[in-house]
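A closer look at the structure
In case you want the letters, here they are:
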Amino acid sequence: MLAQKRPSWLRGFSVKMVKMNVLADVLNAIVNAERRGKRQVLVRPVSKVVVKFLQVMMKHGYIGEFEFVDDRRGGKIVIFLNGRLNKAGVISPRFDIKITEMN
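This report concerns the structure included in the present document. (Residues numbered from 1 in each chain as written. Predicted model: local features only at pLDDT ≥ 70, side-chain atom pairs only at ≥ 80, totals over all residues. Heavy atoms only, no water.)

**Remarks on the overall build of the protein chain**
- Counting its secondary structure elements, the protein chain contains 2 helices and 3 strands.
- Seen in sequence order, the protein chain has helices and strands lined up from the N terminus as α-β-α-β-β.
- For 103 residues, the compact-globule formula gives about 13 Å, and the C-alpha radius of gyration of the protein chain, at 18 Å, lies well above that figure.
- Overall, the protein chain is about 55 × 35 × 30 Å in size when its C-alpha atoms are taken along their principal axes.
- Of all 103 residues assigned to the protein chain, the portion counted as buried reaches 24%.
- When contacts within the protein chain are restricted to residue pairs at least 6 apart in sequence, those whose partners lie at least 24 apart make up 57%.
- Between the averaged position of the 20 positive side-chain charges in the protein chain and that of its 8 negative side-chain charges there is a distance of 9 Å. (Helix = DSSP H or I, 4+ residues; strand = E, 2+ residues; numbered from the N terminus. Rg over C-alpha atoms; globule rule 2.2 N^0.38 Å. Buried < 20%, exposed > 50% of the residue type's maximum accessible area, 1.4 Å probe, protein only. Contact = heavy atoms within 4.5 Å. Lys, Arg positive; Asp, Glu negative; His and termini not counted. Charge placed at Lys NZ, Arg CZ, Asp CG, Glu CD.)

Next up, the structure:
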């Protein structure tokens, strides 16, 4: 594979990758751990959307409990799995809905 040359204005700068969809990464980690038969999975970083989504999943019985680990960075969550999840994913882009439109 040929090495790509950086543009002249970018030389000397370090390029840092950013996570575009944290919720999709968390759900992929959960599904992969379930397929491997793991009992728990560590996911990071954490956002408010991820915590709310995990609360809904726990309420409906798809996962066990989860605990937040504060590392003074992005945070981590340890999720305890119960083996009831087959597939989970996100619909992208996320659309806003009213609370009355939820079933």
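Let's pick the thread back up.
**Section: the side chain of Glu 34**
- Assignment of secondary structure puts Glu 34 in helix α1 (residues 22-36).
- Arg 39 is the oppositely charged side chain nearest to the buried, salt-bridge-free Glu 34, at an N-O distance of 7.0 Å.
- The contacts of Glu 34, once residues within four sequence positions are left out, are Tyr 62, Leu 81, Asn 82, Gly 83, Arg 84 and Leu 85. (Salt bridge = Lys/Arg side-chain N within 4 Å of Asp/Glu carboxyl O.)

**Digging into a nonpolar patch on the surface**
- Judged by side-chain polarity, Ile 97, Ile 99 and Met 102 come together as a nonpolar surface patch covering roughly 350 Å² of accessible area.
- With respect to the helices, strands and loops of the structure, Met 102 is situated in the segment after β3 (76-81). (Patch = residues over 30% accessible without salt bridge, like charges linked within 9 Å, V, L, I, M, F, W, Y side chains within 5 Å. Areas by Shrake-Rupley, 256 points an atom, 1.4 Å probe, with all protein chains shown as cover.)

**Topic: the nonpolar core**
- By size, the foremost hydrophobic cluster in this structure holds 19 residues, and its most contacted members are Ile 30, Val 41, Leu 54, Ile 63, Ile 77, Ile 79 and Leu 81.
- When residues of this core are traced back to their parent elements, those giving at least two are α1, β1 (40-43), α2 (48-59), β2 (63-69) and β3.
- Of the residues forming this core, the biggest block, 6 residues, is contributed by α1.
- Every residue in contact with Val 41, bar those within four places of it in the chain, is listed here: Ala 29, Ile 30, Ala 33, Ile 77, Val 78, Ile 79 and Leu 81. (Core = buried A, V, L, I, M, F, W, Y, C linked by side-chain atoms within 4.5 Å.)

**Let's talk about the pattern of salt bridges**
- Tallying each qualifying case throughout the model produces 1 salt bridge.
- Residue Asp 25 pairs with Lys 19 through a salt bridge whose shortest N-O separation is 3.7 Å.
- A relative accessible area of 33% means that Asp 25 is categorised as partly exposed.
- Using a relative accessible area of 47% as the deciding quantity, one classes Lys 19 as partly exposed.

**Some remarks on α1**
- Here α1 is 15 residues long and its end C-alpha atoms lie 21 Å apart, about the 21 Å a rise of 1.5 Å per residue gives.
- Those residues of α1 that fall on the buried side of the exposure criterion are Leu 23, Ala 24, Val 26, Leu 27, Ile 30, Val 31, Ala 33 and Glu 34.
- Buried residues belonging to α1 abut β1, α2 and β3.
- Positive backbone phi, at 85 degrees, marks Gly 37, one or two positions downstream of α1. (Expected span 1.5 Å × (residues − 1).)

Geometric values such as these leave the question of function open.
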